[in-house]
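# Chains, contacts and geometry: an overview
Chain by chain, the residues:
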Amino acid sequence: MEFFNDFIANVGPWLQGLLEGIGLPEVWARVIVMGVGGIGLALIPLVAVIFLIWAARKLIARMQDRIGPNNSGPYPGPYALFQTFADAIKMLTKEDVIPTAADRWVFNIAPIVILTVAVLIWAVIPVGKDMIGADLNIGIFYVLSLGSGGMIALMMAGWGSNNKYALLGALRAVANMVSYEVPQILSVLTVVMVAGSFSMQEITKAQTVPFLFVIPVTALLFFVSSLAEVGRQPYDLVEADSEIVAGYFVEYSGMKFGQFYLSEFMNNFAISVITATLFLGGWKGPFVDSVPILGSLWLLLKSLLVFFVLLWLWGTMPRLRIDQMLNFNWKFLTPVALVNVCVVALVGKAVPPDADVWLRVGALLGANVLLALAVLVVLAAAGRLARRRDETRQAAQVEEASPA
Amino acid sequence: MLDQFTFIGIFLIVALIFGVAPLTIAFVLRPKKPNPRKAETYECGLQPHGEAWVQFKAQYYIFALAFVVFDVEAVFLLPWALAYNQLGLYAVVEAIIFILILLGALVYVWRKNALEWM
Amino acid sequence: MTLQQVLFIIFGAVTLGAALMVVTRRNVFHAALFLILSFFGVAGLYVLLEAPFLAAVQLFIYVGGIAILILFAIMLTRDMMNPNVAGANRQWWLAALVALALCTVLGWTVLNHQWAAPAGDVPPESIVNLGKALVDPAGLVLPFEVTSILLLVALIGAVTIARER
């Protein structure tokens, strides 16, 4: 029973002992244990995504007042639980059409790169107390750097298709993703300031109070910019299903398209888990000290909560245009993120370092609320100014147009 | 530390296998009947018209350039943020000067209307 | 041959091989992709030198920023699909001579110099020390602030150049 309390952390040494008992040298035993751990870690997003695609389709359907996949045919199972398997089989057996003038190497490598990058992120996510693939001391920064790999895969897909719509879609998608990385890294900067480390495990352990209640503006900034990074509603324009015929992966068919689709859902789940780790306390929860495997359960519940908020936005909000998205980023999110860093830095130093934890939390929370109010006041003033300018311009036009 | 990167290296190989596996399964399972009509470029069902290049738009480049500038700024602030707990108030003031200069750059670009997507 | 030496040879070969492909490919897009591969190779070398922060910065800025800039510049240029540019022009022998001379000078310097031995283990808190040094009045605070002015100037210059029609 003790073994199962801390199951994942105990399995590693147990397996290693087993392999050394057979007679393998220690180095090979470690490599095999790491390999098995890696396969297990890579299976988490794959298995989760199978469930999440089904959940997404059902929930979005309910939000749009329809039923979604159901068991009206012989295959999808009760409540269409096996719908995703049916989709996967369909994608595996479709013919792979490559356009005539496409660049073969670039065209074929893009889906591989994008899925590899989506899986690589999971190496640094703490799935429980002391359960993590590799506790790098650059944890969260490693995740952000891998996003750049995803962008390159996107450009390769757009270019390799030899299709001007794919190219346009890829350029817009990359211009978008690249712009939204700025508030994302600035908000991560704030979290690192408050937590004192890049390592995701350390950030989780530093959250005696979940950071959502300590630096809420930062949490909002990170969530919003991550949504735009993965291209999820309302920033859906790069893969607007009903509008530009799938944008940069329009020429892909069969499993290559399936890999783009899969990597997109994996990224959605990954940002839910990362938001839960950074801002909701990760694997912390009641009884975690005595039964560490419960940490994984708490992390799962929290990330499902964030994923539900993501789905909620997906089903509810309209799509933004590219110029609205870029304006929102450069004229609103980036200045707010920069000012947020300054405010948190000042307040963090204003409170003496050996003060009570609750005093620090209260001071940071108060500063964040004041910042949010200040931003709203500035927005209201700017809106009023723009409206008044429009009115005077309209009045001037009416005067000119009226017969003299 | 290198020990952890050994895990990252092994995980990279595992991730590559996961990236290539579905494609190989599909390669085995799918039909292969190439047809010149199927292989035409997709243009909403019409014949493809013209070459596959895009009209030059300086805007794409400006956004990427602004990103690089703010990116480098954020990377400079990262070690400062890590050492934040061990630094005094003067370090915060220096970093705020750094941020304010770059906020000025953003305001300049904004006022010159270089952030419009034409 | 320790594992580190093997990895160094692999990463070095990837970096140099990709760099060679960058200058020999006819298709400019392929050349840019090989450049990205060489950036990854350099990041791997940083990891071997126990500087994971620099490796992540390399990926984040070079691959995520500068390579994207290069790709944009390539994609927004006409007629990139079928370049009819010759691989070499008529003064190639002069360029080869200069390159050979440079190579000889560099090689002679590298092989004949007494390189200092590494000063010991990398301290575990290297990023924190870097952070402290960046704002230390006796340290790097002046370059730190001047960098922000440099970035400001770069952005102003780029906007000015791109705006004149």
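Residues numbered from 1 in each chain as written. Chains lettered and ligands numbered in written order. Predicted model: local features only at pLDDT ≥ 70, side-chain atom pairs only at ≥ 80, totals over all residues.

This next bit is on the overall build of chain C. When its secondary structure is counted, chain C shows 6 helices and 0 strands. Taken from N to C terminus, the helices and strands of chain C fall in the order α-α-α-α-α-α. Relative to its length of 165 residues, chain C is extended, with a C-alpha radius of gyration of 21 Å against a globular reference of 15 Å. With 165 residues in all, chain C has 23% of them scored as buried. The contacts in chain C between residues at least 6 apart in sequence include a share of 48% that link residues at least 24 apart. (Helix = DSSP H or I, 4+ residues; strand = E, 2+ residues; numbered from the N terminus. Rg over C-alpha atoms; globule rule 2.2 N^0.38 Å. Buried ≥ 20, exposed ≤ 12 C-beta atoms within 10 Å, placed from the backbone. Contact = placed C-beta atoms within 7 Å.)

Listed per partner, the contact involves 53 residues of chain B and 66 residues of chain A. Ranked by residue count, the leading element in the side of chain B that touches chain A is helix α1 (residues 2-29) of chain B, at 18 residues. Looking at the side of chain B that touches chain A, its residues break down into 42 nonpolar, 5 polar and 6 charged. (Nonpolar A, V, L, I, M, F, W, Y, C, P; charged D, E, K, R; others polar.)

Attention shifts here to the environment of Ile274(A). Residues and elements named next belong to chain A. Here Ile-274 lies in helix α10 (residues 254-279). Classification of Ile-274 by C-beta neighbours within 10 Å gives buried; the count is 24. Along the primary structure Ile-274 and Val-143 are separated by 131 residues, whereas in three dimensions their C-alpha atoms are 9.3 Å apart. Non-local contacts of Ile-274, meaning those with residues more than four positions away in its chain, are made with Ile-125 and Val-143.

So, about the interface of chain A and chain C. The interface of chain A with chain C comprises 18 residues on the first partner and 14 residues on the second. Contributing elements (two or more residues each) for the side of chain A that touches chain C: α6 (139-160) and α7 (164-195) of chain A. With 10 residues, α6(A) is the single largest residue contributor to the side of chain A that touches chain C.

We now examine helix α13 (residues 357-401) of chain A. Residues and elements named next belong to chain A. With 45 residues, α13 extends 65 Å between its outermost C-alpha atoms, agreeing within 8% with the 66 Å of an ideal straight helix rising 1.5 Å per residue. For α13, a buried count of 4 out of 45 residues is recorded, marking the element as mostly open to its surroundings. Listing the buried residues of α13 in full gives Leu-364, Ala-367, Asn-368 and Leu-371. (Expected span 1.5 Å × (residues − 1).)

All names here are of chain A. Mapped onto the elements of the fold, Ala-55 is located in helix α3 (residues 26-63). Under the C-beta neighbour-count criterion, Ala-55 is labelled partly exposed, with 15 such atoms within 10 Å. Distance from Ala-55 to Leu-81, taken between C-alpha atoms, is 9.0 Å for residues 26 residues apart in sequence.

Moving on to the nonpolar core. In this structure, Ala170(A), Val174(A), Leu189(A), Ala64(B) and Ala67(C) are the most contacted members of the largest nonpolar core, which totals 188 residues. Top element by residues in this core is α7(A). It accounts for 21 residues. The two domains that each donate at least three residues to this core are domain 1 (1-86) and domain 2 (122-165) of chain C. Excluding its chain neighbours within four sequence positions, the residues that come into contact with Leu189(A) are Val341(A), Ala74(B), Leu77(B), Leu78(B) and Ala81(B). (Core = buried A, V, L, I, M, F, W, Y, C linked by C-beta atoms within 7 Å. Domains from an automatic or database assignment.)

The subject of this paragraph is α3(A). Residues and elements named next belong to chain A. Over its 38 residues, α3 runs 55 Å from end to end, which matches the ideal 56 Å to within 8%, given 1.5 Å per residue. Of all the bends in α3, the greatest measures close to 25° and is centred on Val-49. At the C-terminal side of α3, Asp-65 shows a positive phi close to 65°. (Bend = angle between axes of the 7 residues up to and from the residue.)

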